[in-house]
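Okay, here's what each chain looks like letter by letter:
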Amino acid sequence: MVRIPLILLLFIAHLATLSAQNSRPLVEYNAKDSLEVVQLLAESSLQSPLDFARRLCGRPYVAHTLERGDEHLVVNLRGLDCATLVETASALAMARRQLGQMQRTPLRNGPQHADNDSIARKPQDAHSPTYRPWEAFCRALKSIRYRNGHCNGYLSRLHYLSFWIDDHKRRDNIVEVQLPAKLTKMRRTDIHYMSRHATKYPGLKNADDVRRIAALEAQQTGQTFAYLPQEACGLPKSELQDIHDGDIICIVTTMDGLDYSHQGLAFWGDDGKLHMLHASSAKGKVIADTRPLDAYLQGIKSSIGIRVLRIQTPTRNARQMPQRPARQKQGEDK
């Protein structure tokens, strides 16, 4: 019988522990996703969220792409819903700015890199020319999607747009577009949809999770905000000039327990009217909607108007970037 020294056994156990830790996926993605991110960030003509979103037009509408069991960062450019479209386009734009700020900084060890077509597991070569763009994008996307930019379980994801707005205002990542007071109305937030429909959310695994999301909902409920009512969304650019191409449009809803039902990016059409680029479940793909926004909203019974937000350009801290819009009930768009 061969005796193995105790110190060797402890060393082997330590290596096994490290191996298990390193095998945990940090980023889930398809090889096509990472390649496309690098290609998009190589195009210097693409700068704003709207620039990048236009390149994603035609992508299939696919819901629930983030529901993957244990919470971790998921990158999927092959199928998008309204929230993942906005966050992906925003992350690409923020990565573009960050890369410009990083040009003179030394290379560092980076995120994990896929050794197959789905899960990131191995450290990527820090000297790879594709390393910096992919790392910058993943860092931006994580900051967009999670509270304080940290992925720490299902409840760290910003599941309501109200959560997202508060988190990013606090981090100075977004600003509210201030529209003329004479055009706006006030509304009180009242959210409880997730806690009262917990069976629709696989990530709410037990009663404690439900209590925790209910507590977060209660913290948000009661806050008030200004919004542009539906009847004012058809006004000409001369009266809505504070809304810029690429601003985030959040559609305010009367659906019980929800704050917003849909989102997209604003753009001014050749007709002089406000339009929205969004992932449409009704059309089954990402579209730059040819319908003026007011006409679009008229087809949604529960919509009463919009709230408009703008992503700030990072200054001091290039890593802190906006987080993810709400993962809440979708399917109200047309």
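Structural notes, computed from the coordinates. In this text, all values refer to a predicted model and were calculated from it rather than measured experimentally.

Regarding the overall build of the protein chain
Logical step 1: Assigned secondary structure in the protein chain consists of 9 helices and 12 strands.
Logical step 2: Here the protein chain holds 334 residues, and 53% of them are scored as buried.
Logical step 3: Counted over contacts in the protein chain with a minimum sequence separation of 6, partners at least 24 positions apart contribute 72%.

Things to note about the environment of Glu 43
Logical step 1: Counting through the fold element by element, Glu 43 comes out in the loop between α2 (31-41) and α3 (49-55).
Logical step 2: In this structure, the C-alpha to C-alpha distance between Glu 43 and Arg 96, residues 53 residues apart in sequence, is 9.7 Å.
Logical step 3: Among residues more than four places away in sequence, those in contact with Glu 43 are Arg 55 and Arg 96.

A look at the packing of helix α6 (residues 161-170) against helix α8 (residues 207-220)
Logical step 1: Two elements in contact, α6 and α8, have axes separated by 10 Å at closest approach and are oriented at 65°. By the angle class used here, α6 and α8 are roughly perpendicular. Here the hand of the crossing between α6 and α8 comes out left-handed. Contact residues: Ser 162, Phe 163 and Asp 166 in α6; Ile 213, Leu 216, Glu 217 and Gln 220 in α8.
Logical step 2: Counted by class, the contact of α6 with α8 contains 3 nonpolar, 2 polar and 2 charged residues.

A few points about the nonpolar core
Logical step 1: Counting 63 residues, the largest nonpolar core has Phe 137 and Trp 164 as the members making the most contacts within it.
Logical step 2: In terms of residue count, the dominant contributor to this core is helix α4 (residues 82-102) (9 residues).
Logical step 3: Discounting residues that sit within four places of it in the chain, Phe 137 has contacts with Val 37, Leu 41, Val 75, Thr 88, Ala 91, Leu 92 and Ala 95.
Logical step 4: Core analysis: the second largest hydrophobic core is formed by 21 residues, Leu 240, Ile 249, Ile 251 and Leu 297 among them.

Focus on empty space enclosed by the protein
Logical step 1: Overall, the coordinates contain 1 cavity of 30 Å³ or more when judged by the stated rule.
Logical step 2: A volume near 40 Å³ is recorded for the largest cavity.
Logical step 3: Taken together, Thr 65, Leu 66, Val 74, Val 75, Asn 76, Leu 77, Thr 84, Glu 87, Thr 88, Phe 137, Leu 141 and Arg 145 form the lining of the largest cavity.
Logical step 4: Of the residues in the lining of the largest cavity, the class split is 6 nonpolar, 4 polar and 2 charged.

Considering the pattern of salt bridges
Logical step 1: The full count for this structure, using the stated rule, is 18 salt bridges.
Logical step 2: Two residues, Glu 71 and Arg 157, come together in a salt bridge whose shortest N-O distance is 2.9 Å. Pair noted here: Glu 71 is in the loop between α3 and β2 (73-74) and Arg 157 is in the loop between α5 (131-145) and α6, with a separation of 86 residues, a long-range link.
Logical step 3: Judged by its relative accessible area of 17%, Glu 71 falls in the buried class.
Logical step 4: Overall, the relative accessible area of 1% leaves Arg 157 in the buried class.
Logical step 5: Linked by salt bridges that have partners in common, Glu 67, Glu 71 and Arg 157 make up one network.

Some words on unusual backbone geometry
Logical step 1: One non-glycine residue, His 64, adopts positive backbone phi at about 65°.
Logical step 2: Position of His 64 among the secondary structure elements: in the loop between α3 and β2.
Logical step 3: The exposed category is assigned to His 64, whose relative accessible area is 59%.
Logical step 4: Even without being a glycine, Asn 148 presents a positive backbone phi close to 60°.
Logical step 5: With respect to the helices and strands, the residue Asn 148 is situated in the loop between α5 and α6.
Logical step 6: Of the residues examined, Asn 148 reaches a relative accessible area of 30% and is grouped as partly exposed.

So, the packing of aromatic side chains
Logical step 1: This model, assessed by the stated rule, comprises 5 aromatic pairs.
Logical step 2: Centre to centre, the rings of Tyr 29 and Trp 134 are 4.6 Å apart; their planes meet at 50°, and the pair counts as tilted. Taken together, the positions of Tyr 29 in the loop between β1 (27-28) and α2 and Trp 134 in helix α5 put the pair 105 residues apart, joining distant regions of the chain.
Logical step 3: By relative accessible area, Tyr 29 is classed as buried at 3%.
Logical step 4: By the ring-pair criterion, three or more aromatic residues cluster together here, those being Tyr 29, Trp 134 and Phe 137.
Logical step 5: The ring centre of Phe 267 lies 5.2 Å from the NZ or CZ of Arg 54, which sits over that ring.

Scoring rules and cut-offs
Residues numbered from 1 in each chain as written. Predicted model: local features only at pLDDT ≥ 70, side-chain atom pairs only at ≥ 80, totals over all residues. Heavy atoms only, no water. Helix = DSSP H or I, 4+ residues; strand = E, 2+ residues; numbered from the N terminus. Buried < 20%, exposed > 50% of the residue type's maximum accessible area, 1.4 Å probe, protein only. Contact = heavy atoms within 4.5 Å. Axes fitted to C-alpha atoms, helices over the stretch in contact; angles between N-to-C directions. Parallel < 35°, antiparallel > 145°, perpendicular 65-115°, else oblique. Left-handed = near helix turned anticlockwise from the far one by under 90°. Nonpolar A, V, L, I, M, F, W, Y, C, P; charged D, E, K, R; others polar. Core = buried A, V, L, I, M, F, W, Y, C linked by side-chain atoms within 4.5 Å. 1 Å grid on protein atoms, 1.4 Å probe; cavity = no way out; pocket = protein on both sides within 12 Å on 5 of 7 lines; lining within 4 Å. Points joined across faces, edges and corners; volume = space filled by probe spheres on them. Salt bridge = Lys/Arg side-chain N within 4 Å of Asp/Glu carboxyl O. Phe/Tyr/Trp six-rings, centres within 6.5 Å; stacked < 30°, edge-to-face > 60°. Lys NZ or Arg CZ within 6 Å of the ring centre and 35° of its normal.

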